[in-house]
Amino acid sequence: QQVDLLLDSFMFFHVVSNVTLSSLTQEQIKAAITSSSNRYYAGWRDTRMWVSDTRLGLEQMEREHRNPFDETPRDFFSVAHTARELGSRFGRFQDLECRGMKQALIDVEQGGSGRVPLRR
């Protein structure tokens, strides 16, 4: 569970760079990271799910190269590798999010004008 919090924190600070986090307390930051609320970043819920899925996939790949009877907890280097992989794969994940947002805007576009009404 500590690894999950660490990796979620890594991604939270990666995607929520526009928020003044220095004004938040440690408890508020932890609550924001562990919540499924999209208060600070619209895609946070999906991002957390992606981080979890990616971490589990990487752990499964690592398991193939380890002793199946060794139940040693993950070490720093293993977690650091996962964080690097998350950073390098995030662009592809975020591209899907951007394409979804683009399609949502196209769906509310008025008559091929390229304009989206601000009021509904």
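One can find the structure itself at the top, above this paragraph.
In short, a report on the structure. (Residues numbered from 1 in each chain as written. Predicted model: local features only at pLDDT ≥ 70, side-chain atom pairs only at ≥ 80, totals over all residues. Heavy atoms only, no water.)

Topic: the overall build of the chain
Then, in step 1: The helix and strand tally for the chain stands at four helices and zero strands.
Then, in step 2: Mapped in sequence order, the helices and strands of the chain form the string α-α-α-α.
Then, in step 3: For a compact globule of 120 residues, the expected C-alpha radius of gyration is about 14 Å, and the chain comes in at 18 Å, more than 25% above that figure.
Then, in step 4: With respect to the three principal axes, the spread of C-alpha positions in the chain is 60 × 35 × 20 Å.
Then, in step 5: Among the 120 residues that make up the chain, the fraction classed as buried is 26%.
Then, in step 6: Split by element, the accessible area of the chain, about 9000 Å² in all, is 54% carbon and sulfur.
Then, in step 7: Considering the chain, the positive charge centre built from 16 side chains and the negative charge centre built from 16 side chains are found 8 Å apart. (Helix = DSSP H or I, 4+ residues; strand = E, 2+ residues; numbered from the N terminus. Rg over C-alpha atoms; globule rule 2.2 N^0.38 Å. Buried < 20%, exposed > 50% of the residue type's maximum accessible area, 1.4 Å probe, protein only. Areas by Shrake-Rupley, 256 points an atom, 1.4 Å probe, with all protein chains shown as cover. Lys, Arg positive; Asp, Glu negative; His and termini not counted. Charge placed at Lys NZ, Arg CZ, Asp CG, Glu CD.)

Remarks on the side chain of glutamate 59
Then, in step 1: Looking at the element boundaries, glutamate 59 is found in helix H3 (residues 44-63).
Then, in step 2: Owing to a relative accessible area of 11%, glutamate 59 belongs among the buried residues under this scheme.
Then, in step 3: A distance of 2.7 Å separates polar atoms of two side chains, one belonging to glutamate 59 and the other to arginine 55. (Polar contact = N/O pair within 3.5 Å; in protein donor to acceptor, adjacent residues only side chain to side chain.)

Considerations on the side chain of threonine 54
Then, in step 1: Relative to the elements of secondary structure, threonine 54 occurs in helix H3.
Then, in step 2: In this structure threonine 54 touches Leu86 and Arg89, once residues within four positions along its chain are discounted. (Contact = heavy atoms within 4.5 Å.)

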